[in-house]
Amino acid sequence: MSLPPARILGIETSCDETAAAIVSDGRVIESSVVASQVDLHAQYGGVFPELASREHVKAIHPIVQGALQGAHLNIEDIDGIAVTQGPGLAGSLVVGVNMAKGIALAAGKPLIGVNHLEGHIYSAWLYPANASPHQAPRFPLLALLVSGGHSELVLMTEHLTYQRLGGTLDDAAGEAFDKIARLLDLPYPGGPSIQKASAAGKETAFNFPRATLEGTWDFSFSGVKTAVLRTVEALRAEGRPLPIADLAASFQAAVADVLVVKTLLAANEHKVREIIVAGGVSANKRLREKILSESARPVHIPPLSLCTDNAAMIAGAGYYHYIQGDFSAFDIDVQPTWPLS
Ligand code: KG4
Ligand code: ZN
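About the thresholds
Residues numbered from 1 in each chain as written. Chains lettered and ligands numbered in written order. Predicted model: local features only at pLDDT ≥ 70, side-chain atom pairs only at ≥ 80, totals over all residues. Heavy atoms only, no water. Domains from an automatic or database assignment. Contact = heavy atoms within 4.5 Å. Buried area = accessible area lost by both parts, 1.4 Å probe. Salt bridge = Lys/Arg side-chain N within 4 Å of Asp/Glu carboxyl O. Polar contact = N/O pair within 3.5 Å; in protein donor to acceptor, adjacent residues only side chain to side chain. Buried < 20%, exposed > 50% of the residue type's maximum accessible area, 1.4 Å probe, protein only. Helix = DSSP H or I, 4+ residues; strand = E, 2+ residues; numbered from the N terminus. Pairing = 2+ DSSP bridges. Axes fitted to C-alpha atoms, helices over the stretch in contact; angles between N-to-C directions.

Participant: Explain the domain arrangement of the chain to me, please; I cannot follow it from the model alone.
Facilitator: Frequently, the measure chosen for interface size is the accessible area that the parts lose on association. If you check the domain split of the chain, you get domain 1 (7-126 + 306-323) and domain 2 (141-301). If you average the C-alpha positions of domain 1 and of domain 2, the two centres end up 27 Å apart. Counting residues at the interface gives 21 residues for domain 1 and 21 residues for domain 2. Between domain 1 and domain 2, the buried area comes to about 1600 Å², and carbon and sulfur atoms account for 75% of it. Together, Leu117, Ile121 and Cys307 form the three largest contributors to the area buried by domain 1 at its contact with domain 2, with a combined 34%. Where domain 1 meets domain 2, there are zero salt bridges. Here domain 1 is connected to domain 2 by six residue pairs in polar contact (both at pLDDT 80 or more).

Here it is in structure tokens:
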């Protein structure tokens, strides 16, 4: 079935990345610009919300201009304006939503509010304009969504329908990476730092717990976090130097193992055709390698640039709302805690 063509401008400002992108037909990335504030927040060891919104205010206009110029397009060439409405930091979301409203009103284009989490899922459909397309994900599918704020298993039987099977009962996977990195004095953001430190470590050095929470599709990372903390405290009390690489590798393996085991069990139970892994933590090498090697089903994991926050994924998801005529009113508010279903 061929879907109608449409070019969507996406805008993303939910956390510490100011991003704009143009995507055709829900799949083809014509341009994608991301301004990261990581260096700014690193000195605080995490995102400083007020600073984040002020940086978005400064960056948003040039970033949107950059996306249009990068695609050699004018606003008249765009069919709809998609923007992250939530979840995320309220003060940051407001900047993107107001920019999108302004452009949509001035240019007479429809406004499309997109859930950040559905955006992450739709990153699996995207490919750059100069590359050949991969096979689009096929339904029914299971999405493992692992980011700084969320760890969810979501079942999709068709576009834009989401059944949340389960999610984290405490920390999100990315949050656990960030907290353990801080404990080990590794720089923010913690995920990439833990991955880097792990390269020189042995993942069997410490046997950290893997909470499988049988009978549910939920996750819990508080046990593994506490186990790492207790180990670090004991080593420090003995005056021994911390084996950072071994601690990082053992922690990373414990988190990745639980995510993969539960995802593959849920995929079997719900008889899905394919699996998507998305969100910042899907950039993790250990997680990617394990699920790709152990899954009997096709697994879609976006390239690294599309795992972390970007606006192409928002434009991609926005396209499917656009073709259904699912437009937003101009008085929409931001939704800082907007669940996927
Ligand atoms: O999706 P994302 O960019 O922002 C949110 O929507 O939260 O995810 C950010 C999270 C952070 O917690 C970061 O530490 C984690 O993704 N992350 C990783 C890796 N790269 C980013 N976690 C593990 N391994 C990585 N390579
Ligand atoms: Zn995200």
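Participant: Honestly, the pairing of strand 1 (residues 7-12) in this entry has me stumped. Any pointers?
Facilitator: A regular strand places its side chains on the two faces of the sheet in alternate fashion. Counting buried positions along strand 1 yields five of six residues, so the element is predominantly enclosed. Of the pairings in the sheet, the one linking strand 1 to strand 2 (residues 17-24) comprises six bridges and is antiparallel in character. When the bridges of strand 2 are listed, Gly10 appears paired with Ala21. The loop that links strand 1 with its antiparallel partner strand 2 comprises four residues.

Participant: Sorry, what's going on with the sheet that holds strand 8 (residues 151-156) here?
Facilitator: An order of 9-8-7-10-11 is seen for the five strands of this open sheet, with the pairing classed as mixed. Strands at the two margins of the open sheet, each flanked by one partner only, are strand 9 (163-167) and strand 11 (299-300). As judged from the two bridges shared by strand 10 (residues 274-278) and strand 11, these two strands associate in the parallel manner. Counterpart to Ile276 in the pairing with strand 11 is His300. Most of the contacts of helix 8 (residues 244-269) go to strand 7 (residues 141-146), to which it runs at about 160°, and overall it touches strand 7, strand 8, strand 9 and strand 10.

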